[in-house]
Amino acid sequence: MNDLIIIGAGPGGYRTAEYAAKAGLKVVIFEGAEVGGTCLNVGCIPTKTYVHSSSFAEARERLATVVPGLRAGVEGILSHPNITLVKEKAQFVDAKTVQASTSGETWSADNIIIATGSESKMIPVPGIDGANVVDSTGLLNLDTLPGKLCIIGAGVIGMEFASVFNRFGTEVTVIEFLKECLPALDADIAKRLRKQMEKEGITFNMQCGVKEIADGKVFFDNKKGQTESVEADVILVATGRKPRVQPDFAKAGFVCDERKGITVDDDFKVLPIEGKLEGVYAIGDVNGRQMLAHAAEMQGIHVVNHILGKEDGIRLDVMPAAIFTEPEAACVGPSEDQLKADGIQFECHKSFYRANGKAMSMGKTEGMVKLCCEPDEGKLLSAHIYGAHAADLVQEMTAYITLGATLRQLRETVHIHPTLSEVLIEVN
Ligand code: NAI
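Residues numbered from 1 in each chain as written. Predicted model: local features only at pLDDT ≥ 70, side-chain atom pairs only at ≥ 80, totals over all residues. Heavy atoms only, no water.

### Considerations on the domain arrangement of the chain
Then comes step 1: Per the domain assignment, the segments of the chain are domain 1 (2-120 + 241-308), domain 2 (133-237) and domain 3 (327-425).
Then comes step 2: In this structure, domain 2 and domain 3 have C-alpha centres spaced 29 Å apart.
Then comes step 3: Contacts between domain 2 and domain 3 engage eight residues on the former and 14 residues on the latter.
Then comes step 4: Carbon and sulfur atoms make up 64% of the surface buried where domain 2 meets domain 3, a total of about 970 Å² over both sides.
Then comes step 5: On the surface where domain 2 and domain 3 come into contact, there are three salt bridges.
Then comes step 6: Between Asp186 and Lys370 there is a salt bridge whose closest N-O contact spans 2.8 Å.
Then comes step 7: At the boundary of domain 2 with domain 3, the tally comes to four residue pairs in polar contact (both at pLDDT 80 or more).
Then comes step 8: Grouping the constituent residues of the side of domain 2 that touches domain 3 by class yields four nonpolar, one polar and three charged. (Domains from an automatic or database assignment. Contact = heavy atoms within 4.5 Å. Buried area = accessible area lost by both parts, 1.4 Å probe. Salt bridge = Lys/Arg side-chain N within 4 Å of Asp/Glu carboxyl O. Polar contact = N/O pair within 3.5 Å; in protein donor to acceptor, adjacent residues only side chain to side chain. Nonpolar A, V, L, I, M, F, W, Y, C, P; charged D, E, K, R; others polar.)

### Describing the environment of Asp129
Then comes step 1: You can see Asp129 is positioned in the loop between strand 7 (118-120) and strand 8 (133-134).
Then comes step 2: On the basis of relative accessible area, Asp129 is assigned to the exposed category, the value being 74%.
Then comes step 3: Through-space distance from the C-alpha of Asp129 to that of Ile213 is 9.1 Å; in sequence the pair is 84 residues apart. (Helix = DSSP H or I, 4+ residues; strand = E, 2+ residues; numbered from the N terminus. Buried < 20%, exposed > 50% of the residue type's maximum accessible area, 1.4 Å probe, protein only.)

### Some remarks on the packing of aromatic side chains
Then comes step 1: Considering all chains together, one arrives at eleven aromatic pairs under this definition.
Then comes step 2: Centroid distance Phe92 to Phe254: 6.0 Å. Interplanar angle 75°. Geometry classified as edge-to-face. Here Phe254 lies in the loop between strand 16 (241-243) and strand 17 (256-257) and Phe92 lies in strand 4 (residues 90-94), a separation of 162 residues in the sequence.
Then comes step 3: When the ring of Phe165 is compared with that of Phe168, the centres are 6.0 Å apart and the planes differ by 70°; the resulting orientation is edge-to-face. With a gap of three residues between them, Phe165 and Phe168 both fall in helix 6 (residues 156-168), about one helical turn apart. Each member of the pair, Phe165 together with Phe168, is buried. (Phe/Tyr/Trp six-rings, centres within 6.5 Å; stacked < 30°, edge-to-face > 60°.)

### Quick word on the packing of helix 1 (residues 11-22) against helix 8 (residues 293-308)
Then comes step 1: The contact between helix 1 and helix 8 brings their axes to 8 Å, and the two run at 35°. The chirality of how helix 1 crosses helix 8 is right-handed. Every residue of helix 8 that contacts helix 1 at Pro11, Gly12, Arg15, Thr16, Tyr19 and Ala20 is listed here: Ala293, Ala296, Glu297, Gly300, Ile301, Val304 and Asn305. (Axes fitted to C-alpha atoms, helices over the stretch in contact; angles between N-to-C directions. Left-handed = near helix turned anticlockwise from the far one by under 90°.)

### Notes on the nonpolar core
Then comes step 1: One finds Phe92 and Phe254 to be the most contacted residues of the largest nonpolar core, which totals 88 residues.
Then comes step 2: It is helix 6 that provides the largest number of residues to this core, a total of six residues.
Then comes step 3: Aside from chain neighbours lying at most four places away, what touches Phe92 is Ile7, Thr97, Val98, Ile112, Ile114, Asp248, Phe249, Lys251, Ala252, Phe254 and Val280.
Then comes step 4: Judged by nonpolar contacts, the second largest core, of 25 residues, contains Met397, Ala405, Leu407 and Leu410. (Core = buried A, V, L, I, M, F, W, Y, C linked by side-chain atoms within 4.5 Å.)

### Section: helix 4 (residues 56-77)
Then comes step 1: Helix length check: helix 4, at 22 residues, gives a terminal C-alpha distance of 31 Å against a target of 32 Å (1.5 Å per residue), a fit within 8%.
Then comes step 2: Taken together, the buried residues of helix 4 touch helix 1, helix 2 (37-42), helix 3 (44-51), helix 5 (136-140) and helix 6. (Expected span 1.5 Å × (residues − 1).)

### Digging into the site of the ligand
Then comes step 1: Inspection of the region around the ligand gives 20 residues, with Ile157, Glu160, Glu176, Gly240 and Ala322 positioned closest.
Then comes step 2: Contact between the ligand and Ile157: an oxygen atom at 2.8 Å from a main-chain N or O atom of the residue.
Then comes step 3: Between the ligand and Met291 there is a distance of 3.5 Å, counted from an oxygen atom to a backbone nitrogen or oxygen.
Then comes step 4: Burial of the ligand by the surrounding chains reaches 78%, relative to a free accessible area of 850 Å².
Then comes step 5: The biggest single contributor to the shell around the ligand is helix 6, with three residues.
Then comes step 6: For the shell around the ligand, the class distribution of residues is 13 nonpolar, four polar and three charged.
Then comes step 7: Two domains each put at least three residues into the shell around the ligand: domain 1 (2-120 + 241-308) and domain 2 (133-237). (Near = heavy atom within 4 Å. Areas by Shrake-Rupley, 256 points an atom, 1.4 Å probe, with all protein chains shown as cover.)

### Quick word on a positive patch on the surface
Then comes step 1: Taken together, the side chains of Lys179, Lys191, Lys195, Lys223 and Lys224 define a basic patch exposed on the protein surface.
Then comes step 2: Position of Lys179 among the secondary structure elements: in the loop between strand 10 (171-175) and helix 7 (187-199). (Patch = residues over 30% accessible without salt bridge, like charges linked within 9 Å, V, L, I, M, F, W, Y side chains within 5 Å. Lys, Arg positive; Asp, Glu negative; His and termini not counted. Charge placed at Lys NZ, Arg CZ, Asp CG, Glu CD.)

### Describing the pairing of strand 6 (residues 106-114)
Then comes step 1: Relative to strand 6, strand 1 (residues 2-7) is paired through five bridges, and the arrangement is parallel. Residue pairing in the sheet places Ile5 in a bridge with Ile112 of strand 6.
Then comes step 2: Both strand 5 (residues 97-100) and strand 6 contribute to a ladder of three bridges, which runs antiparallel. Of the residues in strand 6, the one forming a bridge with Thr97 is Ser108.
Then comes step 3: Counted along the chain from strand 5 to the antiparallel partner strand 6, the turn is five residues long, and its residue Gly104 has a positive phi close to 80°.
Then comes step 4: With three bridges connecting them, strand 6 and strand 19 (residues 280-282) associate as parallel partners. Counted as the bridge partner of Ile114 is Ala282 from strand 19. (Pairing = 2+ DSSP bridges.)

### Some remarks on a nonpolar patch on the surface
Then comes step 1: Taken together, the side chains of Val255, Leu271 and Ile273 present a nonpolar region at the surface, about 240 Å² in accessible area.
Then comes step 2: One can find Ile273 in the loop between strand 18 (261-262) and strand 19.
Then comes step 3: Residue class for Ile273 comes out exposed when judged on its relative accessible area of 59%.

Pasting the structure below:
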């Protein structure tokens, strides 16, 4: 009998397999498509390859080597003697057994982790099935650069692609339902980022609802209720992702919803429909908690620790996130509005890239830092950064917040001069 079956070899699945195998568990991991999942094949890695290419042609060329190279790396990880990789889709027979979809072979284990990820959510409007309407995977598969791109949804995917295609020379128009872009971000940061992207030539139609796609045009109602339209060669639908659930999940007897995914407890154990259910877990996008590759990885490591009866200090409540636009935006912890809504006493401290020596020397003076902490330069609660290398700076703040440090301790930490990181200790 194997110790652990993992369904899905995305970042959640393969990292968990690696960690479990190194801890001595016998692991079987199933993957019905390519190892690496959405992140490596059609998500984070391809988009970051685009972000770091100077033209569409260069991006396409680099993609052809970056993705297979990383995929080979994952296959290397999964060649560990304690891991069996089955390149087939797994389907539940019961809560301890799965069946490989093609060979029909069955596999059993004491524990099963579901890490099947998510897929694009399309909106129910007429014309959404049109040939020129794509999701993020379809956009990454284009062989030619579109002249005009209309993006529906100013969330993470919409903003990253708007930024990169605008830089490649495409005319980009964004249509968003809400008043501001990036609903999960601190409003101050989101607004500055949108304004900067507007200056760079991207058109934003905020508070607009898409009605129909027809004859190469997207029709939408603007905030005054008038119908407008945008012409586009390609239309990207970036209106969110939904957990990837399978009909056979019902056979294992746990709570699962088409829209919200698999319900889990704080150890990522699935909740039984009735009675008791031991040893079944769901990590990553499929549980709908935090749709981020690094969240899936850490959830998986926590599950393995739980299986091994090992305590850990992983702080899944301190979850950094970044948006790789130009400039970048990143955050960790609650936004200013969220802190207010929660009735938490806090103070806000800001600084600007334009006053930072390294930013000046790099010619990257557009940007700001907002740190929220308990009163009197107390315990750090959150960090919101917009500007060059925001993700790296937020990573430093994630360490402070995880360790419970105060703003005063941050200021007392020596920072190398000249670096962008000094912008953190330069807050007012
Ligand atoms: P999202 O939830 O971030 O944003 C979707 C946006 O579409 C929202 O602003 C929403 O108001 C808008 N919208 C929804 N229906 C609409 C309609 N009918 N008309 C106009 N606007 C509409 O979803 P997104 O960008 O698709 O990303 C999916 C997931 O992937 C997210 O959970 C995200 O965290 C993750 N992701 C993370 C990345 C990163 O961390 N850098 C990169 C890419 C994706």
